[in-house]
Amino acid sequence: MAFEVPPLPYPYEALEPHIDAQTMHLHHDKHHQAYVDNFNAAVEKAPELKNKSAEDILRDLNSVPEAVRTAVRNHGGGHVNHSMFWKIMGPNAGGDPTGAIADAIKSTFGDFNSFKEKFNDAGAKQFGSGWAWLVQGKSGLQIISTPNQDSPLSQGLYPIIGNDVWEHAYYLKYQNRRAEYLKAWWNVVNWNEVNARLQQAKK
Ligand code: MN
């Protein structure tokens, strides 16, 4: 079965005023759809990938035929990254972290504000397009950034929080003010979903 864009789990305007409805329409319906279409086209040319999940494909890029490897990395990455992104945001969200992630942030980064500062810094300093991440690695939680649509899964890391710093994620509302977007984004973070990902990471 071909990969599909998952429906947005809330209305397009639900993240206003932090993320505007027009950005959500373009981002979800056009950008994510394009990643899915191009990913499916690449997988079509490499039938050995057809029975694997998108995540498993990204975990083992070296086994992807060279002819489609770059397309899979970019568009498969785009599909998996955005599928996570829609779910870790939500209406009536934000605020201080709850549950296990709150404890993990505290023990790793000291407090939530220090963590946010480091995370936002990773997003601000990612030159050009990419993502800022909180990932689970073998030695615990760490903040990284990746260029383009590169997934932490391809580095053996499990993404727990990821913020999209491509201009398409913020330019309509924030124009060149990426730092402002990074700050505002915490108002829409769905900590229940982040906790679910933390639990998944430990498996
Ligand atoms: Mn995006």
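Residues numbered from 1 in each chain as written. Predicted model: local features only at pLDDT ≥ 70, side-chain atom pairs only at ≥ 80, totals over all residues. Heavy atoms only, no water.

**A look at the coordination of the manganese ion**
For the manganese ion, the full set of protein donor atoms is His27 (NE2), His82 (NE2), Asp164 (OD) and His168 (NE2), at a range of 1.9 to 2.2 Å. One chain supplies every donor for the manganese ion, spaced along it as H-x54-H-x81-D-x3-H. A residue pair is termed long-range when its members are at least 10 positions apart, and His82 in helix H3 (residues 66-87) and Asp164 in strand E3 (residues 158-164) qualify at 82 residues. Judged by its relative accessible area of 0%, Asp164 is buried. (Donors = N, O, S within 2.8 Å, 3.2 Å for Na, K, Ca; no water. Helix = DSSP H or I, 4+ residues; strand = E, 2+ residues; numbered from the N terminus. Buried < 20%, exposed > 50% of the residue type's maximum accessible area, 1.4 Å probe, protein only.)

**Section: the sheet that holds E3**
The three strands are arranged E2-E1-E3 in an open sheet whose pairing can be described as antiparallel. Whereas interior strands pair on both sides, the edge strands pair on one side only; in this sheet they are strand E2 (140-147) and E3. Along the sheet, successive strands turn relative to each other by an average axial angle of 20 degrees, direction set aside. As paired strands, strand E1 (residues 130-137) and E2 are joined by eight bridges and run antiparallel to one another. When the bridges of E2 are listed, Val135 appears paired with Gln142. (Pairing = 2+ DSSP bridges. Axes fitted to C-alpha atoms, helices over the stretch in contact; angles between N-to-C directions.)

**A short note on helix H1 (residues 21-44)**
With 24 residues, H1 should cover 34 Å at 1.5 Å per step; its first-to-last C-alpha distance of 33 Å lies within 8% of that length. Taken as a whole, H1 carries its principal kink of about 30 degrees at His27. Where H1 is concerned, the buried positions are Ala21, Thr23, Met24, His27, His28, His32, Tyr35, Val36, Phe39, Asn40, Ala42 and Val43. In this structure, the buried residues of H1 make contact with helix H2 (54-59), H3, E3 and helix H6 (171-174). (Expected span 1.5 Å × (residues − 1). Bend = angle between axes of the 7 residues up to and from the residue. Contact = heavy atoms within 4.5 Å.)

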